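# Fold and contact review
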Amino acid sequence: MDINTRREEAAAAFAAKGLPTVKEEAWRFTNVSRLNEETFDAVWQAAEVSFDPLSDLVVVFENGKWSVEASSLDGLPEGVRVRSIMDSADARLGTLADSDSGFVLSNTAQFSDGILIEVDAGVVLEEPIHVVHLADAEGGSFAYRHLIAAAAGANVTVIEEYIGSAGVRYLTNVVTEAFVADGAKVDHYKIQRESAAAYHFQTLESELGGDALFSNHAVTVGGRLGRNDIRGRLLGEESEAICNGLYLLGEDQLFDTHLFMDHAVPKCQSHELYKGILSDQARAVFCGRILVQQDAQETDAIQSNGNLLLSRAAKVNTMPQLEIYADDVKCTHGATIGELDEQALFYLQTRGMDPQQAHGMLTFAFANEVLDEVACSVVKLRIEAMVQAWLAGVNE
Amino acid sequence: MALLEIIELQAQVEEKQILNGINLSIQPGEVHAIMGPNGSGKSTLSNVLAGNESYEQTGGNVLFDGADLSELDAHERARAGLFLAFQYPVEIAGISNMYFLKAAVNAIREHRGEKQLDAMEFLDVIEDKKKLVKIREDLLERAVNSGFSGGEKKRNEIFQMAMLEPKMAILDETDSGLDIDALRIVADGVNALRSPERGFLVITHYQRLLEYIVPDFVHVLVNGRIVKSGGKELALELEEHGYEAFEGAAV
Ligand SMILES: Nc1ncnc2c1ncn2[C@@H]1O[C@H](COP(=O)(O)OP(=O)(O)OP(=O)(O)O)[C@@H](O)[C@H]1O
Ligand SMILES: [Mg+2]
């Protein structure tokens, strides 16, 4: 099916189905009905939002469109192609993101731009590709469609960062598909710091061949209402998926993470470490589903979701779900919702730290466990700074 | 003036009276040992002295360096020079031992009106103190006490003490969990820190530790009271006869 037909079909399906409602199990705690009452339009204009590039390879999208002036792909080595998704009718598009979720349908029908990253077999790109999305158009609707394809043995790091101008209301709806072939490695990072009035939804789909590695770290501080749907399919033996995340939420923010890891073949690993810190009336939803199919013997799957509540009004719904049909597997999961440990606070104070310092240090320590796993040092520094800034804001 | 003066101290936890009037006076330079059966209130005393708010002081007085301890919060006591080596050190994931120590050292230096140590100066101090308790390098890089063995945790407590240079150190069963060699190393570390200005309160179940860290006084704590005090020979006596003779006396 060619891409235009696919887009028309998605448009028709979306028109019939609309956005998800709380009647759907997967959207039970995340009510997006307000989006139907508000209007959003595709407005393509340059954005006046500043950002710090994390790499020499930067692609910048401004209010829904690739900005050639702001982007820089000098020095892209042989065997790596980075283009706008609009320039190529890639046959793989939509083959992973095939769910009938309203957000995916609407994205397929309406995406206005996106990035296509292809890395040829055996090519290792050391420099990360920083994909920046800037938004400052009030009432804007931005639908991005990204596709990452790492051929056998290829190696690439992609950082998606979303930055909004403070107070501006808009809607970002992204679908990213990642194809990780045999022996390939894709490290994917997502830093979401949209405006506090923004809506942000992303579906990230990945497919792994044998002996492949896909890692994703999703850090969320922005957006009024947002959700990440992160789905991975382990289709080749001995491959490994890492999905870690950190959400720092305040005021009346609601952020939802839905993970789905599908172990279809033997001897794969998936590790998921998610942490959240919530203040004010913030709400978080976490649903981590791990499916171990009958053939997927010797699966090693670990999932944990820890939440730290800094206020009594903050709320978390966390739901680990294991579905195991194989008998020789190692799967663990756990979820916690709590406050800082009194004994630990006392311990720090007996070492001279005042209560505020002790709180700050333990809160940072809580988040830092996720950062420990971040391999890309520039990303790690950026996230650390974001966490420190967020914590400083909470203590004000 | 006594460094630590405990007068008729009473304390409770969870509405349960544990300390029933403790009197103890420690002069600068002295090492006092407290021995006593399980549950007699030794750790309760340490916690009350260190300012743990889960424990409530219900009577008596404690003066540290002349100041009323009940008016100081835990961090203020630490800054004033009181140190507690925990019986059960707390594990803190996500913060490296180094980072933690640097924050602690600088918090205390700031209080003393000394300038903050920068990264290089801090490393110099670390190198210096590391030798004292022969702590392994990798334990400094790891998260505070996280996954440390029992003995490693205890050694880390003494390392922290060496870094913070307190006036008065309370060691709550620092010897339990240490192997024979580690016990000697930790004891040597403590002895190296003995000085005419510094006081120690060493809580232990075993006379062996007191062979290495020789106390000036030994006290027997039973049912939240000191029922007998004496010199270092008292520890030997206890080792031989146990606490039975005192159990009735204290009630
Ligand atoms: N947080 C608490 N809640 C309830 N009871 C407590 C608490 N802390 C201490 N206790 C009780 O107080 C009593 C004294 O305990 P403490 O820990 O001081 O004993 P200890 O002398 O240090 O014993 P050990 O030699 O076993 O370390 C015990 O009966 C203990 O159960
Ligand atoms: Mg004890």
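Details of the structure are given in the entry above.
What comes next is a walk through the structure. For clarity, every value in this text was computed on a predicted model and none was experimentally measured.

### Concerning the interface of chain A and chain B
When the parts come together, some accessible area is lost, and that loss is often what is quoted as the size of the interface. Each partner contributes residues to the interface: chain A has 21 residues there, and chain B has 29 residues. Across the chain A to chain B interface the summed buried area is about 1900 Å²; carbon plus sulfur atoms make up 67%. Connecting chain A to chain B are one salt bridge. The residue Glu-157 of chain B makes a salt bridge to Arg-351 of chain A at a minimum N-O spacing of 2.7 Å. At the junction of chain A with chain B, the criterion picks out nine residue pairs in polar contact (both at pLDDT 80 or more). Residue assignment for the side of chain A that touches chain B shows that the elements contributing at least two residues are helix 4 (342-349) and helix 5 (355-371) of chain A. If you tally residues by element for the side of chain A that touches chain B, the top one is helix 5 of chain A, at eight residues. Counted by class, the side of chain A that touches chain B contains ten nonpolar, seven polar and four charged residues.

### Points about the packing of aromatic side chains
In this structure the tally under the stated criterion is twelve aromatic pairs over all chains. Residues Phe-103 of chain A and Phe-201 of chain A carry aromatic rings whose centres are separated by 4.0 Å and whose planes lie at 15° to one another, so their mutual orientation is stacked. In this pair, Phe-103 of chain A is assigned in helix 3 (residues 102-110) and Phe-201 of chain A in strand 10 (residues 199-208), connecting sequence segments 98 residues apart. Side by side, Phe-103 of chain A and Phe-201 of chain A carry an identical accessibility label, which is buried. Look at Tyr-247 of chain A and Phe-255 of chain A: their rings are 6.1 Å apart centre to centre, the planes differ by 45°, and that puts the pair in the tilted class. Note on accessibility: Tyr-247 of chain A and Phe-255 of chain A belong to one class, buried. Here the aromatic cluster, defined as three or more aromatic residues joined through ring pairs, consists of Phe-346 and Tyr-347 of chain A together with Phe-86 and Phe-100 of chain B. The ring of Phe-111 of chain A is capped by Arg-7 of chain A, whose NZ or CZ atom sits 3.7 Å from the centre of that ring. Positioned above the aromatic ring of Phe-179 of chain A, the side-chain terminus of Arg-92 of chain A is 5.9 Å from the ring centre.

### What about the pairing of strand 10 (residues 225-230) of chain B?
Residue and element names in this part refer to chain B. Bridge count between strand 9 (residues 217-222) and strand 10: five bridges; the pairing is antiparallel. Bridging across to strand 10, Leu-221 finds its partner in Ile-226. Following strand 9, the chain reverses through two residues before pairing antiparallel with strand 10; Asn-223 in that reversal takes a positive phi of roughly 50°.

### Points about the side chain of Ser-71 of chain A
You can see Ser-71 of chain A is positioned in strand 2 (residues 65-72). Overall, the relative accessible area of 14% leaves Ser-71 of chain A in the buried class.

### With respect to the site of ligand 1
Residues and elements named next belong to chain B. If you check the shell around ligand 1, you find 16 residues, and the closest are Gly-39, Lys-42, Ser-43, Thr-44 and His-205. In the environment of ligand 1, an oxygen atom lies 3.2 Å from a nitrogen or oxygen atom belonging to the side chain of Lys-16. Contact between ligand 1 and Lys-42: an oxygen atom at 2.7 Å from a side-chain N or O atom of the residue. For ligand 1, whose free accessible area comes to 640 Å², the fraction covered by protein is 68%. Element by element, the count of residues in the shell around ligand 1 is highest for helix 1 (residues 42-50), at three residues. For the shell around ligand 1, the per-class residue count stands at four nonpolar, eight polar and four charged.

### A look at the sheet that holds strand 5 (residues 67-68) of chain B
Residues and elements named next belong to chain B. Strand order in the open sheet made by the four strands is 2-1-4-5, with antiparallel pairing throughout. Two strands in the sheet have a free side with no partner beyond their single neighbour: strand 2 (16-26) and strand 5. Direction of pairing for strand 4 (residues 55-64) relative to strand 5: antiparallel, over a ladder of two bridges. Bridge pairing in strand 5 places Phe-64 opposite Ala-67. Sitting on the sheet, helix 1 is in contact with strand 1 (4-13), strand 2 and strand 4, with an inclination near 110° to strand 1.

### A short note on the environment of Glu-138 of chain A
All names here are of chain A. By the element assignment, Glu-138 lies in the loop between strand 5 (129-135) and strand 6 (140-150). Glu-138 sits 139 residues away from Ile-277 along the chain, and the two C-alpha atoms are 29 Å apart. Discounting chain neighbours no more than four positions away, the residues touching Glu-138 are Gly-167, Val-168 and Arg-169.

### Quick word on the packing of helix 4 of chain A against helix 5 of chain A
All names here are of chain A. Between helix 4 and helix 5, whose axes approach to 9 Å, the crossing angle comes to 125°. If you check the angle between helix 4 and helix 5, you find them oblique. Two packed elements cross with a definite hand, and for helix 4 against helix 5 that hand is right-handed. Between helix 4, through Ala-344, Leu-345, Leu-348 and Gln-349, and helix 5, the contact on the second element is made entirely by Pro-355, Ala-358, His-359, Met-361 and Leu-362.

### Observations concerning the coordination of the magnesium ion (ligand 2)
Protein ligation of the magnesium ion (ligand 2) involves Ser-43 of chain B (OG) and Gln-87 of chain B (OE1), the donor distances falling in the range 2.0 to 2.1 Å. Residue Ser-43 of chain B is located in helix 1, and its partner Gln-87 of chain B is located in the loop between strand 6 (82-85) and helix 3 (97-111); the two are separated by 44 residues in the primary sequence.

### Overview of the packing of helix 4 (residues 119-133) of chain B against helix 6 (residues 150-164) of chain B
The relative placement of two packed helices is expressed as an angle between their axes plus a distance between the axes. Residue and element names in this part refer to chain B. Put simply, helix 4 and helix 6 touch, their axes get as near as 9 Å, and they point 130° apart. Taken as axis vectors, helix 4 and helix 6 run oblique relative to one another. The crossing of helix 4 and helix 6 is right-handed. Of the residues in helix 6, those in contact with Phe-122, Val-125, Ile-126, Lys-129, Lys-130, Leu-132 and Val-133 of helix 4 are Arg-155, Ile-158, Phe-159, Ala-162 and Met-163. Residues belonging to the contact of helix 4 with helix 6 are distributed by class as follows: nine nonpolar, no polar and three charged.

### Some remarks on a negative patch on the surface
On the surface, Asp-182, Asp-211, Glu-237, Glu-238, Glu-298, Asp-327 and Asp-328 of chain A cluster together to form a negatively charged patch. For Asp-327 of chain A, the location among the structural elements is in the loop between strand 18 (315-324) and strand 19 (330-338).

### Observations regarding the pattern of salt bridges
Residues and elements named next belong to chain A. If you walk through the whole model with that rule in mind, you get 34 salt bridges over all chains. Across the salt bridge formed by Arg-193 and Glu-161, the nearest N and O atoms sit 2.8 Å from each other. You can see Arg-193 sitting in strand 9 (residues 185-193) and its partner Glu-161 sitting in strand 7 (residues 155-164), a full 32 residues away along the chain. Arg-193 gets classed as partly exposed once you look at its relative accessible area, which sits at 27%. Residues participating in the shared-partner salt-bridge network are Arg-81, Arg-83, Asp-90, Arg-92, Glu-118 and Asp-120.

Rules and cut-offs
Chains are numbered independently. Their residues run from 1 in the order of the written sequence. Chains carry letters from A onward and ligands carry numbers from 1 onward, assigned in written order. Given that this is a predicted model, residues contribute local features only at a pLDDT of at least 70 and side-chain atom pairs are listed and counted only at 80 or more, while totals for whole chains, interfaces and linings are drawn from all residues. To get the side-chain values, all heavy atoms of the structure are used, and hydrogens and water are removed first. Throughout, a residue-residue contact means that at least one pair of heavy atoms, one from each residue, lies within 4.5 Å. Joining two parts hides part of their accessible area as seen by a 1.4 Å probe, and the buried area is that hidden amount summed over both. A carboxyl oxygen of Asp or Glu within 4 Å of a side-chain nitrogen of Lys or Arg is what we treat as a salt bridge. Under the rule applied, a polar contact is a pair of N or O atoms within 3.5 Å (in protein, one hydrogen donor and one hydrogen acceptor; residues adjacent in sequence only if both atoms are side-chain atoms). Secondary structure elements follow DSSP: runs of H or I of four or more residues count as helices, runs of E of two or more count as strands, with numbering from the N terminus. Think of it as three bins: nonpolar holds Ala, Val, Leu, Ile, Met, Phe, Trp, Tyr, Cys and Pro, charged holds Asp, Glu, Lys and Arg, and polar takes everything else, Gly as well. Centres within 6.5 Å are what make two rings of Phe, Tyr or Trp a pair, Trp counting through its six-membered ring; a difference in plane orientation under 30 degrees is then read as stacked, over 60 as edge-to-face, and the rest as tilted. Only protein chains enter the accessibility calculation, which uses a 1.4 Å probe. A residue is then buried if its area is under 20% of the maximum for its type, exposed if over 50%, and partly exposed in between. By definition, being over a ring means that NZ of Lys or CZ of Arg is both within 6 Å of the ring centre and within 35 degrees of the ring normal. At least two DSSP bridges between two strands are needed for those strands to be called paired. Whether a residue is near a molecule or strand depends on its heavy atoms: it is near if one of them lies within 4 Å of it. All accessibility values rest on the Shrake-Rupley procedure with a 1.4 Å probe; residue burial counts only the protein chains present in the view. Inter-axis angles, ranging from 0 to 180 degrees, are taken between N-to-C directions of lines fitted to C-alpha atoms, where helices are fitted over the stretch in contact. An angle counts as roughly parallel when it lies under 35 degrees, as roughly antiparallel when it exceeds 145, as roughly perpendicular when it falls between 65 and 115, and as oblique in every other case. Rotating anticlockwise by less than a right angle from the far helix to the near helix defines a left-handed crossing, while the corresponding clockwise rotation defines a right-handed one. Only N, O and S atoms count as donors, using a 2.8 Å cut-off from the metal and 3.2 Å for Na, K and Ca, and because water is excluded some sites may appear unfinished. Residues form patches when they are more than 30% accessible in relative terms and have no salt bridge. Like charges link within 9 Å. Nonpolar side chains (Val, Leu, Ile, Met, Phe, Trp, Tyr) link within 5 Å. In this tally, Lys and Arg are treated as positive and Asp and Glu as negative; His is ignored, and so are the chain termini. Taken as the charge centre is NZ of Lys, CZ of Arg, CG of Asp or CD of Glu, depending on the residue.

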